[in-house]
Amino acid sequence: MHDVPTRTGDTTPGAATSGSSGAVAGEREPLSTGLKQRHLTMLGLGGVIGAGLFVGSGAGIAVAGPGIVLSYLIAGALAMLVMRMLGEMSAAMPASGAFSVHAERALGRWAGFSVGWLYWFLLVVVLAVEATGAAQIAHGWVPAVPQWGWVLLFMVVFTVANLSAVKNFGEFEFWFATLKVTAIVLFLGLSVLAVFGVLPDTEPAGLSNLTGHGGLLPHGWGGVVSGVLAVVFAFGGLEVVTIAAAESDDPARAVGRAVRSAVWRILFFYVGSMVVIVTLLPWSSMEPGKSPYVAVLDSIGVPGAGQIMNIVVFVALLSALNANLYGSSRMVFSLAERGEAPRALLKVSGGGVPRRAVLASVTFGFVSVLLNLEWPDSVFLYMLNAVGAVLLFVWGLIAVSQLRLRPRIEREAPGKLALRMWAFPYLTWAALAAMGAVLVLMLTDDTARPQLLWSAGATGAVLLVAGLRELRERRAGR
């Protein structure tokens, strides 16, 4: 895709070439290779374990009851299929732009441009939510420091971490993810003991909470479907591991191992958590916005459950902030490599860090945070709605790209298919159909409809810009 520069201080990579002409590229990124396998494995595991699970799952339980287990199975299966497709392409064609590069190779520059910029916008907007949420928790612990002061501190710390060697980002994420995974494992262990009445002052839970209060499906299959809508976006974030793989010693092997280990374990963590929660507590006691994990820990007598979970959520938010800043900087760097973003962003430090891309992403992140602090219910709400369904657009482009690229890779470099999509092409088509179904559900849901419409508008605007750029270039070519 580009010439690898000789780095002495800040350098600019040579001219990038479009990756759409061939299925497989052999050139390496002009970035550092400081990420180790343990970094990628934990990034894959921890990337989707965040506030959406620890707090947001309560909303899913409230609408689906015990059927939330089925909702998570369905949503998790969809996410697992998408990651398998993405893992297949990323193992064969590692690139810092991951699915944006794949979309360009499969469908043309318009696709790479559109999905790349939409994903960048998604990350820098969600970054503001994470920074604000972490600041609210920290302000509760230390009221003397204003909320904006905490936001500034977090943004500065993670900007510095991302401007330095990539291994610093990897170490931050490794320990953040380790804490989150440890917290879930301990939660599952304690909850299983409570289910069987092994813990002091507990009796076997039995099946009363599953069969009572309306049964396993108190709201029928409609509740399960609503639960899917409530939880499917919690699986967003897995994509960053395929972006990060380009900065490892052996990208093809690293991304394959990370994807294989992550998808099954994450499904186990999510579904396992829901099983023990609805077994130990009546689903009707769950309240949206309140953590069902805290409710379970309180019920089995864990002291300070609320503060323990506050710490876990705090770490989860900082972890997501760090990962999103990293992912957004590498995405915009990849866009610049392919001529889809300003070439000034191609500056790479002597340590292989795209510092201008990091600063561009964090600058917009700061703007987003200010909008969230000053106008959370107006300007920022519109921005948040505009990215509400973008993840499905990204996933859809991943599936379509894999349908186009898989035969090409098999024809040109079959040895690079170290990780293969299951039952190709049938499960890929099934995943696309499921995404279409989720979009239809969003259209019929009063709460989700504004997000879908705003996201459709944002997607349409980016597609229009992409189309106009291609039209201008064709005319210039004549």
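This is a predicted model, so every value here is computed, not measured.

Novice: Before we move on, can you summarise empty space enclosed by the protein with the specific residues and values?
Specialist: Following the criterion strictly, the structure yields 2 cavities of 30 Å³ or more and no others. Considering only enclosed or pocket space, the largest cavity measures out at about 40 Å³ in volume. Around the largest cavity sit Gly76, Ala79, Met80, Phe235, Leu238, Val263, Ile266 and Leu267, which together line it. Broken down by class, the residue content of the lining of the largest cavity amounts to 7 nonpolar, 1 polar and no charged.

Novice: Explain the nonpolar core residue by residue, including any values.
Specialist: If you look at the biggest cluster of nonpolar residues, it comprises 161 residues, and the most contacted ones within it are Phe99 and Trp395. With 18 residues, helix H6 (residues 109-141) is the largest single contributor of residues to this core. Not counting residues within four places of it along the chain, the set of residues in contact with Phe99 comprises Leu86, Val115, Tyr119, Glu239, Ile243, Met331, Val394 and Ile398.

Novice: Run through unusual backbone geometry, naming residues and quoting values.
Specialist: For the bond from Phe424 to Pro425, the omega torsion is 5°, close enough to zero to count as cis. With respect to the helices, strands and loops of the structure, Pro425 is situated in the loop between helix H17 (390-412) and helix H18 (426-444). Positive phi values are uncommon outside glycine, yet His213 reaches one of about 55°. Positive phi is not limited to glycine here, since Ala423 has a value of about 45°. Tracing the backbone shows Ala423 in the loop between H17 and H18. The partly exposed category is assigned to Ala423, whose relative accessible area is 45%.

Novice: A description of the packing of helix H4 (residues 68-92) against helix H12 (residues 251-280) should follow, citing residues and the corresponding values.
Specialist: The N-to-C vectors of H4 and H12 enclose an angle of 175°; their axes lie 10 Å apart at closest approach. The angle between H4 and H12 places the two elements in the roughly antiparallel class. Across the interface between the two elements, Ile68, Val69, Tyr72, Leu73, Gly76, Ala77, Met80, Met83, Arg84, Gly87, Ser90 and Ala91 from H4 touch Ala252, Val255, Val259, Arg260, Val263, Trp264, Leu267, Tyr270, Val271, Met274, Val275 and Val278 from H12.

Conventions and cut-offs
Residues numbered from 1 in each chain as written. Predicted model: local features only at pLDDT ≥ 70, side-chain atom pairs only at ≥ 80, totals over all residues. Heavy atoms only, no water. 1 Å grid on protein atoms, 1.4 Å probe; cavity = no way out; pocket = protein on both sides within 12 Å on 5 of 7 lines; lining within 4 Å. Points joined across faces, edges and corners; volume = space filled by probe spheres on them. Nonpolar A, V, L, I, M, F, W, Y, C, P; charged D, E, K, R; others polar. Core = buried A, V, L, I, M, F, W, Y, C linked by side-chain atoms within 4.5 Å. Buried < 20%, exposed > 50% of the residue type's maximum accessible area, 1.4 Å probe, protein only. Helix = DSSP H or I, 4+ residues; strand = E, 2+ residues; numbered from the N terminus. Contact = heavy atoms within 4.5 Å. Axes fitted to C-alpha atoms, helices over the stretch in contact; angles between N-to-C directions. Parallel < 35°, antiparallel > 145°, perpendicular 65-115°, else oblique.

Structural measurements only, silent on function.
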